[in-house]
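Structure at a glance
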Amino acid sequence: MTDASDGDQGSAFAAVDHVGYVVSDLDAASAFFVDVLGFRDLPRRGVASDPDGDSIASTFGVHPRAAYRFAFFALCDMTVELLEWTAPDQQRVHPLNSDHGGRHLALRVRDLDAALSRLKTVPGITLRERHERGFVYVSTPFGLELQLIPG
């Protein structure tokens, strides 16, 4: 562990390149990120599988017959990758915020009330109660939790 005064110079790690989230429906999640959240659709898309080998297992630590599709999106200087996996041993329950592996994407919003009004019109969205600090959690139908932070 490096001393905080060393800054980034003592670390082999340079920066966060992107964050990735597994979603249950890549098409629905992609449309949501572009049409509702205002992300830019980036040209980085693809599919991967290895029906006869074990490269998927050795690279990702998943079942060797697993396959995935992915797409990248950007908002300001943040890049997000969405992935949709299929696998023979796949668990299809979305993790809760309190579960191991639970995750959320925190987004700063200019106008929280306007953002919430917009999200109320999207089928399958669950808006949670506003926290005393002002943020609101939102559950999406494709398994990703969002945290909307005013400011």
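Residues numbered from 1 in each chain as written. Predicted model: local features only at pLDDT ≥ 70, side-chain atom pairs only at ≥ 80, totals over all residues. Heavy atoms only, no water.

**A look at the pattern of salt bridges**
- Applying the stated criterion to the full structure yields five salt bridges.
- Put simply, Asp-41 and Arg-45 hold a salt bridge, and the shortest N to O gap is 2.9 Å.
- Asp-41 gets classed as partly exposed once you look at its relative accessible area, which sits at 42%.
- Assessed through its relative accessible area of 41%, Arg-45 is described here as partly exposed.
- As a salt-bridge pair, Arg-69 and Glu-84 come within 2.7 Å of each other at their nearest N and O atoms. One end of the pair, Arg-69, is in strand 3 (residues 67–75); the other, Glu-84, is in strand 4 (residues 78–86), and 15 residues separate them in sequence.
- When its relative accessible area of 29% is taken as the criterion, Arg-69 is described as partly exposed.
- Linked by salt bridges that have partners in common, Asp-27, Arg-69 and Glu-84 make up one network. (Salt bridge = Lys/Arg side-chain N within 4 Å of Asp/Glu carboxyl O. Buried < 20%, exposed > 50% of the residue type's maximum accessible area, 1.4 Å probe, protein only. Helix = DSSP H or I, 4+ residues; strand = E, 2+ residues; numbered from the N terminus.)

**Some thoughts on the confidence of the model for the chain**
- For the chain, per-residue confidence averages 93 on the pLDDT scale, and residues scoring 70 or more make up 95% of the total.
- The low-confidence segment residues 1–5, where pLDDT is below 50, has one contact with residues more than four positions distant or belonging to other chains. (pLDDT = per-residue confidence, 0-100. Contact = heavy atoms within 4.5 Å.)

**Quick look at the sheet that holds strand 7 (residues 136–139)**
- The strand order 5-8-7-6 describes an open sheet built from four strands, whose pairing is mixed. Either end of the sheet is taken by a strand with one partner, and the two such strands are strand 5 (104–109) and strand 6 (126–127).
- By the bridge criterion, four bridges tie strand 7 to strand 8 (residues 145–150) in an arrangement that is antiparallel. The residue of strand 8 that forms the bridge with Tyr-137 is Gln-147.
- In this fold helix 3 (residues 112–120) packs onto strand 5, strand 6, strand 7 and strand 8, with an angle of close to 150° to the strand it touches most, strand 8. (Pairing = 2+ DSSP bridges. Axes fitted to C-alpha atoms, helices over the stretch in contact; angles between N-to-C directions.)

**A few points about the packing of aromatic side chains**
- Counting across every chain of the model gives 10 aromatic pairs.
- Ring geometry for Phe-32 against Phe-33: centres 6.4 Å apart, planes inclined by 70°, an arrangement best described as edge-to-face. There is no split in this pair, since Phe-32 and Phe-33 are both buried.
- Note on Tyr-68 and Phe-70: the rings are 6.0 Å apart at their centroids and 40° apart in plane angle, and the pair reads as tilted. There is no split in this pair, since Tyr-68 and Phe-70 are both buried. (Phe/Tyr/Trp six-rings, centres within 6.5 Å; stacked < 30°, edge-to-face > 60°.)

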